[in-house]
Amino acid sequence: MHASTAGRTTSISVTDTGVGIPAEELPLVFDRFYRTRLAAEQAVQGIGLGLTIARSIAEAHGGIITATSTLGEGSTFTLTLPTTPQAP
């Protein structure tokens, strides 16, 4: 895990050393009910809502969540939030 503040935002990144996510699937991982082909093939439990919920929470607080990944090396998920309160 890595955290940093720049200007009016704070970012928290979490990196794993898993199998990674194929580049063509990476734009889809935040979609409701999306599961990577590998997760489906290996019968990994879940219904594909966790990252959708995380994105909704980030956006409700004026932030974003992003993902980068390299096959065979792992993935990094970064949550970036404003450090100042957002107007309602």
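Presented here is an overview of the structure given in this document.

Brief notes about the overall build of the protein chain
Summing up its helical and strand segments, the protein chain has two helices and four strands in all. In sequence order, the protein chain lays out its α and β elements as β-β-α-α-β-β. In terms of its C-alpha atoms, the protein chain occupies a principal-axis envelope of roughly 45 × 25 × 20 Å. For the protein chain, the residues scored as buried account for 25% of the 88 residues in total. By sequence separation, contacts in the protein chain at least 24 residues apart represent 50% of the contacts at least 6 residues apart. By element, 60% of the accessible surface of the protein chain is carried by carbon and sulfur atoms, the whole surface being about 6,100 Å². Computing the positive centroid from 5 side-chain charges and the negative centroid from 7, the protein chain places the two 10 Å apart.

A look at the nonpolar core
Formed by I21, L26, V29, F30, A58, I65 and A67, the largest nonpolar core amounts to seven residues. In this view, A58 contacts G63, I64, I65, L79 and L81; residues no more than four positions away in its chain are not counted.

Digging into unusual backbone geometry
The residue F33 is not glycine, and still its phi comes out positive at about 70°. Of note, F33 is situated in the loop between β2 (9-15) and α1 (37-41).

What to know about the pairing of strand β3 (residues 64-70)
Pairing geometry for β3 and strand β4 (residues 74-82), over seven bridges, is antiparallel. Counterpart to T66 in the pairing with β4 is T78. Connecting the antiparallel pair β3 and β4 is a turn made up of three residues, with G72 showing a positive phi of about 80°.

Things to note about the environment of T15
Along the chain, the position of T15 falls in strand β2. On the basis of relative accessibility, which here comes to 54%, the residue T15 falls in the exposed class. For the pair T15 and F77, spaced 62 residues apart in sequence, the C-alpha to C-alpha distance is 6.5 Å. Discounting chain neighbours no more than four positions away, the residues touching T15 are S75 and T76.

Calculation rules
Residues numbered from 1 in each chain as written. Predicted model: local features only at pLDDT ≥ 70, side-chain atom pairs only at ≥ 80, totals over all residues. Heavy atoms only, no water. Helix = DSSP H or I, 4+ residues; strand = E, 2+ residues; numbered from the N terminus. Buried < 20%, exposed > 50% of the residue type's maximum accessible area, 1.4 Å probe, protein only. Contact = heavy atoms within 4.5 Å. Areas by Shrake-Rupley, 256 points an atom, 1.4 Å probe, with all protein chains shown as cover. Lys, Arg positive; Asp, Glu negative; His and termini not counted. Charge placed at Lys NZ, Arg CZ, Asp CG, Glu CD. Core = buried A, V, L, I, M, F, W, Y, C linked by side-chain atoms within 4.5 Å. Pairing = 2+ DSSP bridges.

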